[in-house]
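# Reading the structure
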Amino acid sequence: WVPVSCADIRGNAIVSVKLSLQSNYQLKATSEINATIDNIACAGMNLTGLAKTFGYDNIKEDLTKNIESELKKLELKKTFQTLWNQLQKPFKINDDFTILVKPAEISYQNLHFKDGLVKFGLGLSFYASTISTNEVATQKSNVPLPDLKQNTQKTANDFEINLPVSLPYSYLDKMAKELV
């Protein structure tokens, strides 16, 4: 036996992971993490066969733990909560009226690849109403952040907004008189 000091072990690893977004705003590896390890060398000797025989499962387990640990660090729910709260703040249009948004649902489509890009679909359902600026204090929206809902429908890459607006007669009357 010849002792060998391996302070610098190098090799190639190809790791593939399938991720999905869960309803609780967490990313999760949804399939087994596949790791291919090759060309492991130390002190000029190829140790790939030895590593696969004695240490492959440990290496794969370490990779899995590291990936899961990093995914947990992503605070997606905190980011969504901040945006959700911001969306519910009244938006003053002018001195007479304000738009109040009451969000209802967040939907998503999982990550997918198209034309060399990673794409992610996100949708928001909400109700919007106009109120007198004087009524803002009594009409605030306070809807808790809901669980994410997966949208499995495949749609074209179009963007569509429908926003019905109800304006008070007093405001319309005032605007008509100013314009005439």
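Each chain carries its own residue numbering, running from 1 in the written order of its sequence. With pLDDT at 70 or above as the cut-off, local features in this predicted model cover only qualifying residues; side-chain atom pairs require 80 or more to be listed or tallied, and sums for whole chains, interfaces and linings still use all residues. Side-chain numbers here rest on the full set of heavy atoms in the structure, without hydrogens or water.

Working definition: helices are DSSP H or I runs of at least four residues, strands are E runs of at least two. Numbering for both runs from the N terminus. When its secondary structure is counted, the protein chain shows four helices and nine strands. In the protein chain, the succession of α and β elements from N to C terminus is β-β-β-β-β-α-α-α-β-β-β-β-α. A 1.4 Å probe rolled over the protein chains alone gives each residue an accessible area, and that area as a share of the maximum for its type sets the label: buried under 20%, exposed over 50%, partly exposed in between. Counting over 180 residues, the protein chain shows a buried share of 21%. Note on contacts: a residue pair is in contact if any heavy atoms of the two residues lie within 4.5 Å. Sequence separation of 24 or more characterises 63% of the internal contacts of the protein chain that already satisfy a separation of 6 or more. Note on areas: Shrake-Rupley, 1.4 Å probe, and residue coverage restricted to the protein chains presented here. Accessible area for the protein chain stands at about 13,700 Å²; split by element, carbon and sulfur atoms hold 54% of it.

The bulk of non-glycine residues show a negative phi, and the bulk of peptide bonds are trans. Within the chain, Tyr25 stands out as a residue other than glycine whose phi angle is a positive 70°. Inspection of the secondary structure puts Tyr25 in the loop between strand S2 (19-21) and strand S3 (27-29). Residue Tyr25 is classed as buried on the basis of its relative accessible area of 1%.

A separate point is the nonpolar core. Of all hydrophobic cores here, the largest spans nine residues; its members are Leu21, Tyr25, Phe80, Trp84, Ile106, Tyr108, Val143, Leu145 and Leu148. When contributions to this core are tallied by element, the ones reaching two or more residues are helix H3 (76-87) and strand S7 (97-114). Contact partners of Trp84, with chain neighbours within four places excluded, come to Pro103, Ala104, Glu105, Ile106, Leu124, Val143, Pro144, Leu145 and Pro146. Residues grouped as a nonpolar core are buried Ala, Val, Leu, Ile, Met, Phe, Trp, Tyr and Cys residues, joined through side-chain atoms within 4.5 Å.

A separate point is the pattern of salt bridges. Any Lys or Arg side-chain nitrogen located within 4 Å of an Asp or Glu carboxyl oxygen qualifies as a salt bridge. In the structure shown here, the tally under the stated rule is four salt bridges. Taking the shortest distance from any N to any O, the salt bridge between Lys73 and Glu70 comes out at 3.0 Å. Within this pair, Lys73 and its partner Glu70 are both found in helix H2 (residues 56-73), separated by three residues, close to a single helical turn. Of the residues examined, Glu70 reaches a relative accessible area of 45% and is grouped as partly exposed. Put simply, Glu105 and Lys149 hold a salt bridge, and the shortest N to O gap is 3.7 Å. With Glu105 in strand S7 and Lys149 in strand S9 (residues 149-150), this pair connects stretches of sequence that are 44 residues apart. Judged by its relative accessible area of 27%, Glu105 is partly exposed. Classification of Lys149 by relative accessible area gives partly exposed; the value is 45%.

Tracing the chain through its elements places Gln88 in the loop between H3 and strand S6 (91-92). If we skip the residues at most four places from it in the chain, Gln88 touches Leu100, Val101, Pro103, Ser141, Asn142 and Val143.

Right, let's talk about the packing of aromatic side chains for a bit. Each Phe, Tyr or Trp ring, with Trp reduced to its six-membered ring, pairs with another whose centre is within 6.5 Å; inter-plane angles below 30 degrees give stacked pairs, above 60 give edge-to-face pairs, and intermediate values give tilted ones. Applying the stated criterion to the full structure yields one aromatic pair. Look at Tyr25 and Phe80: their rings are 5.0 Å apart centre to centre, the planes differ by 50°, and that puts the pair in the tilted class. Highlighted residues: Tyr25 in the loop between S2 and S3 and Phe80 in helix H3, separated in sequence by 55 residues. Classification of Phe80 by relative accessible area gives buried; the value is 14%.

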